[in-house]
Amino acid sequence: TRSLTITSADQSMFEKAQGEKVTLPCTFELSEEDEGPLDIEWVLIPADNQKTEVIIIMYSVDRVYDQYYAATTRRMQFSNLDPKSGDGSLDILNLKAADTGTYQCKVKKAPGVQSQKIQLTVLVKPARTKCSIEGSQEIGKDITLKCVSQEGSPLLSYDWRRVSGTQNLPATSVLNRNTGELLLKNASQEFSGSYNCVASNRVGTDECSVELNVTPPVNTAAIIVGAIIGTLLGLSILCSIIFLFCKKHREKKYEKEVHHDIREDVPPPKSRSSTARSYIGSNRSSLGSMSPSNMEAYTKTPYSQVPSEDFERTPAQNPAFAPSKVAAPNLSRMGAVPVMIPAQSKDGSIV
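Criteria and cut-off values
- Residues numbered from 1 in each chain as written.
- Predicted model: local features only at pLDDT ≥ 70, side-chain atom pairs only at ≥ 80, totals over all residues.
- Heavy atoms only, no water.
- Pairing = 2+ DSSP bridges.
- Helix = DSSP H or I, 4+ residues; strand = E, 2+ residues; numbered from the N terminus.
- Axes fitted to C-alpha atoms, helices over the stretch in contact; angles between N-to-C directions.
- Disulfide = S-S within 2.5 Å.
- Buried < 20%, exposed > 50% of the residue type's maximum accessible area, 1.4 Å probe, protein only.
- Contact = heavy atoms within 4.5 Å.
- Lys, Arg positive; Asp, Glu negative; His and termini not counted.
- Salt bridge = Lys/Arg side-chain N within 4 Å of Asp/Glu carboxyl O.
- Polar contact = N/O pair within 3.5 Å; in protein donor to acceptor, adjacent residues only side chain to side chain.
- Core = buried A, V, L, I, M, F, W, Y, C linked by side-chain atoms within 4.5 Å.
- Patch = residues over 30% accessible without salt bridge, like charges linked within 9 Å, V, L, I, M, F, W, Y side chains within 5 Å.
- Areas by Shrake-Rupley, 256 points an atom, 1.4 Å probe, with all protein chains shown as cover.

Enquirer: I keep staring at the sheet that holds strand β8 (residues 76-78) and nothing clicks. Help me out?
Expert: Each strand in a sheet pairs with another by means of backbone hydrogen bonds, the pair being arranged parallel or else antiparallel. Reading across the sheet, the 3 strands line up as β3-β9-β8 and stay open at both edges, with antiparallel pairing between neighbours. On the outer flanks of this sheet lie β3 (22-24) and β8, each paired with one strand and no other. Looking at each pair of strands side by side, their axes are set apart by 25° on average, direction ignored. Bridging between β8 and strand β9 (residues 90-92) involves 3 bridges; their strand directions are antiparallel. Each residue of the ladder has a partner; that of M76, found in β9, is I92.

This is how it looks when you write it as structure tokens:
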């Protein structure tokens, strides 16, 4: 008995670069005994066995259904606009790394049922390749040139070449094509120049460049001496600033102490009692020079009266009593003698 058969079973593996287009073949022939409705399904079988199969596109009852798998919407379509003609091949546009997997084509027309699997691998070209230099670029040192691609499907291979000069790598260099490291042992000034790295895999290449400049060793002794001198100079300046600050502080403190001592030497103002005694003494001393002719006028003045507060006011408060520059008379110096107060007896005679 003859039944439905799939004729495109020659190629079962495809490798394509990211961004490209691929056509997965699925052609078939129908038998006269296949009388049921024609169904064509494309299923993605994930690499993880824990995940279930996903229908990505289907043709059934003269209609195409391609909304099952959102990740491939508008990127997957039947190659033939009329799949029932015997061609159910699948086109995948703008390939992505996530499209890598196993695809299965199922053709059903009762009672015939056939299927085939195709392995698709989407490779990513090397991209964003960066070159760098590791180690001191001095004569006699070991220098390592590094080359790494940020993107790219394995297996990546790296190759270094010299762009300037002899365009040949130094004789002492060691290249690791898997890691992209180029070791330059015992570097000399002849190693200086431009170096180019090419990263490649089965679907593309990418490259970067680096400039190497090998110089004589730096005089570290001179740098150390200069650093020490600079440090000592800085410390001396700092000490000078601190000394001047302390000196200024001591001078201010000394001025305050001297000013305080001067104010302590100022004599206190005279009290009321001393002023009153001075006034009474001056009046009594003036009696010694009085004659009998004017004695009657002075007897009317009470000698025991204490001056009022008007005598103690300052010149600003009582201008009538301005302070005199002449000191109070001294009885002993003026030769004054005690004066006896005359008194009248009963018969009218003076005693």
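Back to the write-up after that little detour.
Enquirer: So what exactly am I meant to see when it comes to the state of the cysteines here?
Expert: A covalent bond between the sulfur atoms of two cysteines is referred to as a disulfide. For the structure on display, the rule yields 3 disulfides. Disulfide pairing is shown between C26 and C105; the S-S distance is 1.9 Å. On the S-S bond that ties C26 to C105, the torsion sits near -65°, and the link is left-handed. Here the residue C26 occupies a position in the loop between β3 and β4 (28-29), and C105 occupies one in strand β10 (residues 101-109), the gap between them amounting to 79 residues. We note that C26, like C105, is buried. Across a sulfur-sulfur distance of 2.1 Å, C147 and C197 are joined as a disulfide pair. Handedness here is read from the sign of the S-S torsion; for C147 and C197, about -90°, the answer is left-handed. Taken together, the positions of C147 in strand β13 (residues 143-151) and C197 in strand β17 (residues 193-201) put the pair 50 residues apart, joining distant regions of the chain. Each member of the pair, C147 together with C197, is buried. With cysteine numbering restricted to those in disulfides and following the sequence, the protein has the pairing 1-2, 3-6, 4-5.

Enquirer: How do you make sense of the sheet that holds strand β7 (residues 63-65) when you look at a structure like this?
Expert: In spatial order, the strands read β2-β11-β10-β5-β6-β7; together these 6 strands make up an open sheet with mixed pairing. Each edge of the sheet is formed by a strand with only one pairing partner; in this case those strands are β2 (13-17) and β7. Sheet twist, expressed as the mean angle between neighbouring strand axes with direction ignored, is 20°. Two elements, strand β5 (residues 38-45) and β10, share 8 bridges in a ladder whose sense is antiparallel. Bridge pairing links I45 to T102 in β10.

Enquirer: What is the right way to read the environment of S157 from this model?
Expert: Checked against the element boundaries, S157 lands in strand β14 (residues 157-162). Take S157: its relative accessible area is 28%, and that puts it in the partly exposed class. Expressed as a C-alpha distance, the spacing of S157 and N201, which sit 44 residues apart in the sequence, is 6.3 Å. Sequence-distant contacts of S157, that is, excluding residues within four places in its chain, are made with R177, V198, A199 and S200.

Enquirer: Would you mind going over the side chain of D91 with me for this structure?
Expert: Of note, D91 is situated in strand β9. Comment: no salt bridge for buried D91; closest opposite-charge side chain is K21, at 4.1 Å. Among the polar contacts made by the side chain of D91, one reaches the side chain of S79 at a distance of 2.7 Å. Those residues within four positions of D91 in sequence are excluded, and the remaining contacts are K21, V22, T23, R75, M76, Q77 and S79.

Enquirer: I would appreciate a short explanation of the nonpolar core in the present structure.
Expert: As a rule of thumb, nonpolar side chains are buried together in soluble globular proteins. If you look at the biggest cluster of nonpolar residues, it comprises 25 residues, and the most contacted ones within it are L24, W42, I92 and Y103. Going through the elements one at a time, β3, β5, β6 (54-60), β8, β9, β10 and β11 (112-123) are the ones with two or more residues in this core. Element by element, the count of residues in this core is highest for β5, at 4 residues. In this structure, C131, W160, C208 and V214 belong to the second largest nonpolar core, which totals 18 residues.

Enquirer: Is there a simple way to explain a nonpolar patch on the surface in this structure?
Expert: On the surface, I224, I228, L232, L235, L238 and I242 cluster together to form a nonpolar patch covering roughly 570 Å² of accessible area. By the element assignment, I224 lies in helix α1 (residues 220-264).

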